Amino acid sequence: MMDLRLPIGIFFTIVGIMLFVDGIVQHVMVDNLNIPINTDWGLFLLAFGLVMGIFGVIATKKNR
Amino acid sequence: MKPLLTAAPIDYMIMATYFAFMLIIGFVVSRHTKTSEDFFLSGRRIPAWVTGLAFISANLGAVEVLGMAASGSEYGMMTAHFYWVGAIPAMVFLGIFMMPFYYGSKVRSVPEYLQKRYNEPTRFINAITFAISTIVLSGVNMYAMGLVFHDLIGWNITLSIILSAGIVLIYTALGGLTSSIYNEVLQFFLIVLGLTPLIIIGLIAAHGWSALQNHVPHALLVTSTAKKPVYMNAAQWHSFFHTWAGTATVHGNPMHITWPGIVLGLGFVLSFGYWCTDFLVVQRALAANDMNAARRTPLIAAIPKTLFPFLVILPGLLALPLIKGLGTPNNPTLSYNNALPLLMAHYYPAGMLGLGLTALLASFMSGMAGNVTAFNTVFTYDLYSSYIKPDMPDEHYLKIGRLVTVVGVIVSVVTAFLAAGAPSIMDYMQTVFGFVNAPLLATFLFGMFWKRTTPWGGFWGLIAGMLAALTHYLLTIDHVLHFSTDQSGNFWRAFVAFAVGAIVTYLVSLVTQPLPDEKMRGLVYQLTPKPESDSHLSWWRRPVVLGVLILIFALVVNILFW
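Computed from a predicted structure; not experimentally measured.

(A) Main features of the overall build of chain A. Looking only at helices and strands, one finds 2 helices and 0 strands in chain A. A burial count over chain A gives 50% of its 64 residues as buried. Once local pairs closer than 6 in sequence are excluded, the contacts in chain A between residues at least 24 apart make up 63%. On chain A, the mean spot of the 4 positive side-chain charges and the mean spot of the 4 negative ones are 28 Å from each other.

(B) The overall build of chain B, seen in detail. A count of helices and strands for chain B gives 22 helices and 0 strands. The C-alpha atoms of chain B give 23 Å as radius of gyration, which agrees with the globular expectation for 562 residues (24 Å, within 12%). Overall, the C-alpha framework of chain B stretches about 65 × 55 × 50 Å when taken along its three principal axes. Relative to its 562 residues, chain B shows a buried fraction of 60%. Expressed as a percentage of contacts within chain B between residues at least 6 apart in sequence, the contacts between residues at least 24 apart total 82%. Entry remark: accessible area of chain B is about 20,900 Å², with carbon and sulfur atoms responsible for 68%. Charged side chains in chain B number 28 positive and 22 negative. The centres of these two groups are separated by 3 Å.

(C) Highlighting the pattern of salt bridges. Inspection of the entire model under this criterion finds 9 salt bridges over all chains. The residue A:D3 makes a salt bridge to A:R5 at a minimum N-O spacing of 2.8 Å. For A:R5, a relative accessible area of 22% gives the class partly exposed. Across the salt bridge formed by B:D38 and B:R45, the nearest N and O atoms sit 3.4 Å from each other. Linked by salt bridges that have partners in common, B:E120, B:R123 and B:D382 make up one network.

(D) Just a nonpolar patch on the surface, in detail. All names here are of chain B. Taken together, the side chains of L307, W539, W540, V544, V548, L549, I552, F553, V556 and L560 make up a nonpolar region of the molecular surface, amounting to roughly 950 Å² of accessible area. Of the residues forming the nonpolar patch, the biggest block, 7 residues, is contributed by helix α22 (residues 543-560). Looking at the secondary structure, you find V556 in helix α22. Note on V556: relative accessible area 39%, which makes it partly exposed.

(E) Examining the environment of B:H251 more closely. All names here are of chain B. When you line up the elements, H251 lands in the loop between α10 (234-239) and α11 (259-277). The class of H251 is exposed, set by a relative accessible area of 70%. Separated by 143 residues in sequence, H251 and R108 place their C-alpha atoms 47 Å apart.

(F) Examining the interface of chain A and chain B more closely. Taken together, the 27 residues of chain A in the interface contact 32 residues of chain B. At the junction of chain A and chain B, the tally comes to 0 salt bridges. Counting only elements with at least two residues in the side of chain A that touches chain B, the list comes to α1 (5-26) and α2 (37-63) of chain A. A per-element tally of the side of chain A that touches chain B places α1(A) first, with 11 residues.

(G) Broad picture of the packing of aromatic side chains. Enumeration according to the criterion identifies 44 aromatic pairs over all chains in this entry. Seen in terms of ring centroids, A:F11 and B:Y18 are 6.2 Å apart; in terms of plane orientation they differ by 70°. Their pairing is edge-to-face. Of the two residues, A:F11 is situated in helix α1 and B:Y18 in helix α1 (residues 9-30); the pairing between them involves two chains. Note on B:Y102 and B:F444: the rings are 5.8 Å apart at their centroids and 55° apart in plane angle, and the pair reads as tilted. You can see B:Y102 sitting in helix α5 (residues 81-104) and its partner B:F444 sitting in helix α18 (residues 437-449), a full 342 residues away along the chain. Relative accessible area serves as the criterion here: at 0%, B:Y102 is assigned to the buried category. Joined through ring pairs, the aromatic side chains of A:F11, A:F12, A:F48, B:Y18, B:F19, B:F21, B:F188, B:F189 and B:F308 make up one cluster. Cation over ring: B:R108 sits above B:Y381, and NZ or CZ is 3.8 Å from the ring centre.

Rules used throughout
- Residues numbered from 1 in each chain as written.
- Chains lettered and ligands numbered in written order.
- Predicted model: local features only at pLDDT ≥ 70, side-chain atom pairs only at ≥ 80, totals over all residues.
- Heavy atoms only, no water.
- Helix = DSSP H or I, 4+ residues; strand = E, 2+ residues; numbered from the N terminus.
- Buried < 20%, exposed > 50% of the residue type's maximum accessible area, 1.4 Å probe, protein only.
- Contact = heavy atoms within 4.5 Å.
- Lys, Arg positive; Asp, Glu negative; His and termini not counted.
- Charge placed at Lys NZ, Arg CZ, Asp CG, Glu CD.
- Rg over C-alpha atoms; globule rule 2.2 N^0.38 Å.
- Areas by Shrake-Rupley, 256 points an atom, 1.4 Å probe, with all protein chains shown as cover.
- Salt bridge = Lys/Arg side-chain N within 4 Å of Asp/Glu carboxyl O.
- Patch = residues over 30% accessible without salt bridge, like charges linked within 9 Å, V, L, I, M, F, W, Y side chains within 5 Å.
- Phe/Tyr/Trp six-rings, centres within 6.5 Å; stacked < 30°, edge-to-face > 60°.
- Lys NZ or Arg CZ within 6 Å of the ring centre and 35° of its normal.

This is the structure:
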């Protein structure tokens, strides 16, 4: 069976890209605080998703 | 009421991605679901980190997330007692002491343990009350979800109930417990990663922790009995940052509870009763791939659980000074239940809002799935295969499990619509079913740790404890018994139910016949071989070491927020 980290990784990679691109295109900021939250958090989710995905791929190969 | 938030296309794209992933997981997992054990217990092959995170997620419904934030606004850090005094010691106890009996005896459900240790009537009482209460809770959860998303973004209640029920039905009917567990883990990460930025932004907006403590909010005192509105003063606001200070008297703390009520009612009976005996959470540990993994399941869950007050209670605390007018009476938009959504509406732009809403949606749906998978297991194993059609081939029970999943979801939807029509009846039913867990703790503790406990001692103790809780409840609503708050009444009711259950179990056991020793092997502490030495394992694989470290950590946070 697939390692669970793989779908979790893919999911957060996709969501991270969506948020990052939206943040860049729309210049979204948190009201009054000037924090580019979509870009920053999108990047973080992208990194998290990639790390999880890589671990998932390694574990799936190992299990096979 | 006008919706609190307006969702943008990117928010819907994130939600749609989540729906798609849930269904994909269901389809992939279904290819590996070939036997009833695969369907109901994931073939007992799930690693500890997955069962651990599913264990915590099964309890992390959005009602809890929104409720804890609301409680954070009303009572401050005292709400953390549900975690640091309540859940953590109980989870450590389950992992170290009780799991060897659950997992080692190879039972497939909690009621089945009761059948082996006691008798059929005890199993039947537990199975039937659990099955009904689980499906009612699932329906109430669905209705709560419809209501929350209607108030938040204006979704049609009926449509959101049917859509979410449909998705949950597809992936649980296809992949059974494994689907549910996998989605619970995804939900765990969604909640953590969807709410963490809110804490960071909230703390920045409040100019840090120290400034937050010094910024007395212009908030009404919820527990004030004065006729004129009473606003919070600096001393009362400071009490929101403590967990134990002021618990010597009912008037010294925001929750109006004394420490014996917290320790005995919440810390011991309610929490141990839920975390150690509720099949919804125990089922996750039974899916683990070996005894060590099963024992570590609640311990792994306890690590993030210790930190969860910062994730779910802190937003409520932050909302009090940051959201003007929060808690204003007769204004549903500004009710404490909306503390978290209001904070999201205030600080999350489109995109992040989608992530936050998906986190809430995920917690509702996995809560539903957890209830449905626990229901189908107990119904199939403890009611259908025991009383209706025993000794059938395995494929038959797999088919019935899938059918029961469909029926369970349909009944949940019907219950959700009943809840919409008569919310007070649902509140009443939830309260009544809340009576079940407290006396059950006495039944389990006696059964597992005193071999002289007899089958009829366990049965009558359980019945007497449930009746004691019911009597206590009726005396409270008739104003014969008085408590400073409903919460305080609930804590003491749990303790009374446990005490009566324990005394009756003990007395009946003295005058009735125990089971022969050979029938109790693996079920009772004195007749179960001690677990093999695990000293050759790394420290994080050793349940006792892990448990002690978690307890020390819980003690430290209790002291820090004393």
